[in-house]
Amino acid sequence: MARTDIGPPDYRLMLPETITSNYGKWKYHEILKPGVMKHVSETGDELYTVRAGSPRLVSIDFIRDICDIADKYCDGHLRFTSRFNIELMTPKKENVDGIIGDLKKLGLPIGGIGDCISNIVHTQGWIHCHSAATDASGLVKSIMDELYEYFTEFKLHAKLRIAVACCINMCGAVHCSDLAVVGIHTTPPKVNHEKLASTCEIPSVIASCPTGAIRRHSDKNINSVEVREERCMYCGNCYTVCPSMPLADPDGDGVAIYVGGKVSNSRKPPMFSRLAVPFIPNNPPRWPEVTSILKKIVEVYARDSKKYERLGEWIQRIGWERFFALTNIPFTEQHIDDFTYATETFRATTQFKW
Ligand code: SF4
Ligand code: SF4
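Cut-offs applied
Residues numbered from 1 in each chain as written. Chains lettered and ligands numbered in written order. Predicted model: local features only at pLDDT ≥ 70, side-chain atom pairs only at ≥ 80, totals over all residues. Heavy atoms only, no water. Helix = DSSP H or I, 4+ residues; strand = E, 2+ residues; numbered from the N terminus. Buried < 20%, exposed > 50% of the residue type's maximum accessible area, 1.4 Å probe, protein only. Near = heavy atom within 4 Å. Nonpolar A, V, L, I, M, F, W, Y, C, P; charged D, E, K, R; others polar. Patch = residues over 30% accessible without salt bridge, like charges linked within 9 Å, V, L, I, M, F, W, Y side chains within 5 Å. Areas by Shrake-Rupley, 256 points an atom, 1.4 Å probe, with all protein chains shown as cover. Salt bridge = Lys/Arg side-chain N within 4 Å of Asp/Glu carboxyl O. Contact = heavy atoms within 4.5 Å. Polar contact = N/O pair within 3.5 Å; in protein donor to acceptor, adjacent residues only side chain to side chain. Disulfide = S-S within 2.5 Å.

Excluding glycine, residues mostly carry a negative phi; peptide bonds, for their part, are mostly trans. Omega for the peptide link from P284 to P285 comes to 5°, which places this bond in the cis form. Along the chain, the position of P285 falls in the loop between β11 (274–281) and α9 (288–304). Non-glycine residue D5 carries a positive phi angle of around 50°. By the secondary structure assignment, D5 is in the segment before α1 (17–21). On the accessibility criterion, D5 (81% relative accessible area) is exposed. In this structure, Y234 takes a positive phi of about 60° despite not being glycine. Tracing the chain through its elements places Y234 in the loop between β9 (225–227) and α8 (237–241).

So, about the site of ligand 1. For ligand 1, the full set of nearby residues is T123, Q124, C129, S131, A132, C166, C167, N169 and C171. Taken together, the residues of the shell around ligand 1 sort by class into five nonpolar, four polar and no charged.

Before going further, it helps to examine a nonpolar patch on the surface. A surface patch of nonpolar side chains, about 490 Å² in accessible area, is lined by Y11, L13, M14 and Y23. By the secondary structure assignment, L13 is in the segment before α1. Classification of L13 as exposed rests on a relative accessible area of 71%.

Along the chain, S224 falls in the loop between β8 (214–216) and β9. Placed 15 residues apart in sequence, S224 and Y239 show a C-alpha to C-alpha distance of 14 Å. Excluding its chain neighbours within four sequence positions, the residues that come into contact with S224 are V191, H193, L196, I202, R216 and H217. A distance of 2.8 Å separates the side chain of S224 from the side chain of H193, its partner in a polar contact.

In this fold, W126 is placed in the loop between α3 (96–105) and α4 (137–146). Here the alpha-carbon distance between W126 and M170, two residues 44 residues apart in the chain, equals 15 Å. Ignoring anything within four residues of it in the chain, the contact list for W126 reads A132, A133, T134, D135, N282, P284 and W287.

This paragraph deals with the state of the cysteines. For the coordinates displayed, the defined rule picks out one disulfide. There is a disulfide in this structure between C200 and C242, and the S-S distance comes to 2.0 Å. Taking the sign of the S-S torsion, 75° for the link of C200 and C242, the bridge is right-handed. Taken together, the positions of C200 in the loop between α6 (193–199) and α7 (202–207) and C242 in the loop between α8 and β10 (254–259) put the pair 42 residues apart, joining distant regions of the chain. The same class applies to C200 and to C242, which are both buried.

Below is the structure:
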């Protein structure tokens, strides 16, 4: 019988020798150039790291190609970062250029370390998830093509994290990223009354709605639910628990753009990202409206921010009215919070800029 409950393999068995012998002894690190850093141990040992972007969704052939480079230069060791970048490490400085050359031959960009745009944390999209309002891999490819130079060069005053989620379940990091793209619906669910009772647990469906828009069907002979459309804000949560309430709509689905989140405690506490653009319709395969507004925000931020200032810190300093003015993003009624703690987001001061 197969063994169960064995957990993941012990990571210590997979560490490069230089890391094993210097574990917990690292003294400092330096970023030598885009995508390359050096760690120095108190023993005097050095470890060079080359970071390359990856599309996250990769083939086994792709993994084998990366393993070949690891075999050639890194004694068979490699790692993936928490943003799906690939890192190849070597104690030999003379190996760095070879690693970079071989990664570039695979078409991978070198970068993503330091004050730059690293990889985009993203989700399943139309490739695999049933509740997506947009695609993930297609959007990410389009955005990174547009912002490529920010990955491979130091063009910013601080890190800029981008995340994509294809529905408001927000798998990943969209709620806490400098820039975030979130798939949203704009039409209510279409209830399949014939199938609902046999496919869904009705109390769970009613309880899934954050605005209380779902109730038992008013006709007691129909074993189903009704949606009060004036209360529905198309979150799709009812569809997550009930396959008889689909709401995907090719014409109504699209994305919203959020800005200003961060998770680190540096300088200012972590922040949630906030709404910048309420809706842009899906426009595959390149989403040009989305990529151009993101580029605009990045360019204005790069120009106007101060050293170390994350995008959210920059907005806090200049004020939201100035952010909308500088980026030419129209401010609409959708920007005004109208959910549970909305009043906390209203301006309770006379301080503002014309
Ligand atoms: S964000 Fe939504 S659509 Fe995307 S993978 Fe997560 S649950 Fe699926
Ligand atoms: S989409 Fe969201 S708001 Fe609309 S009925 Fe379903 S759970 Fe409620």
